[in-house]
Structure formats: structure tokens, C-alpha cells
Amino acid sequence: MGRRRLAHAVRQDIWRRLRRVRGFAPVISVTRDRAGLLLRAGGSVAGVAPPDLPDRIAALLEEPRVRAAWLRAARHR
């Protein structure tokens, strides 16, 4: 699985979901560890961040349908 492809797919979906949050810039990190891959997602907001922003990101990361799409997008071709 391509770490770069996975990070790109996750970043795109987070940005799409949160594009109305003014000044939001998603940040995604994918690293290898003993168990496989470790994905960290977050971002920064230039201005005032909505209080539910972390919950909205977490909800997206936990959606099975979206996760399956990320895995398909990250496969080596």
C-alpha cells in the first residue's frame, strides 16, 4: 500500500468535508510501524476553529465506506 497515496486520499476527503471551515488546512501523516501503517489526521485553522472540528474529523476517519475507498486508492498499481 502506498503511504503517499493513502495520505492524499484522506487529505482530499477531509478537505472536501470541511471546506466550509474558513482557513482550514488538513495535515495527514502516514508512517510504518510494526503492526502496519499508522495514520494521523488533523490540521490547522487560520482563525477561529469550530468546537466540533475534532469530532467531525474523527467521524470521517471512522466511516467504513470511506476507509474502504481510501484502501482502494492507496493500492500499488
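Higher on the page you've got the structure.
In this report, the structure presented in the accompanying data block is examined.

### Structural notes on the overall build of the protein chain
Broken down by element type, the protein chain carries 3 helices and 2 strands. Traced from its N-terminal end to its C-terminal end, the protein chain shows the element sequence α-β-β-α-α. Counting over 77 residues, the protein chain shows a buried share of 26%. A fraction of 48% describes how many contacts in the protein chain between residues 6 or more apart in sequence connect residues 24 or more apart. Averaging the positions of the 18 positive and the 6 negative side-chain charges in the protein chain gives two centres separated by 11 Å.

### Section: the layout of surface pockets
Counted as a void, the largest pocket has a volume near 230 Å³. Along its surface, the largest pocket is lined by M1, L6, V10, L37, L38, L39, L61, R67, W70 and L71. When residues of the lining of the largest pocket are traced back to their parent elements, those giving at least two are α1 (3-18), β2 (36-45) and α3 (64-74). Each residue belonging to the lining of the largest pocket can be placed in one class, and the counts come to 9 nonpolar, no polar and 1 charged.

### Examining α3
Of the residues making up α3, those classed as buried are V66, W70 and A74. Taken down its axis, α3 places every buried residue within 70° of arc, on the same side. Looking at α3, the residues exposed on the side facing more than 90 degrees away from the buried face are P64 and R65. For α3, the secondary structure elements touched by its buried residues are α1 and α2 (53-61).

### Points about the pattern of salt bridges
In total, this model carries 4 salt bridges according to the counting rule given. The partner of R56 in a salt bridge is D52, and the shortest N-O contact between them spans 3.8 Å.

### Quick word on the pairing of strand β1 (residues 24-33)
The sheet contact formed by β1 and β2 spans 10 bridges and is antiparallel. Residue pairing in the sheet places D33 in a bridge with G36 of β2. Taking the residues that link successive antiparallel strands as the turn, the β1-β2 hairpin has 2 residues.

Parameters at a glance
- Residues numbered from 1 in each chain as written.
- Predicted model: local features only at pLDDT ≥ 70, side-chain atom pairs only at ≥ 80, totals over all residues.
- Heavy atoms only, no water.
- Helix = DSSP H or I, 4+ residues; strand = E, 2+ residues; numbered from the N terminus.
- Buried < 20%, exposed > 50% of the residue type's maximum accessible area, 1.4 Å probe, protein only.
- Contact = heavy atoms within 4.5 Å.
- Lys, Arg positive; Asp, Glu negative; His and termini not counted.
- Charge placed at Lys NZ, Arg CZ, Asp CG, Glu CD.
- 1 Å grid on protein atoms, 1.4 Å probe; cavity = no way out; pocket = protein on both sides within 12 Å on 5 of 7 lines; lining within 4 Å.
- Points joined across faces, edges and corners; volume = space filled by probe spheres on them.
- Nonpolar A, V, L, I, M, F, W, Y, C, P; charged D, E, K, R; others polar.
- Arc of directions from axis to C-beta.
- Salt bridge = Lys/Arg side-chain N within 4 Å of Asp/Glu carboxyl O.
- Pairing = 2+ DSSP bridges.

This is a description of form; function is not addressed.
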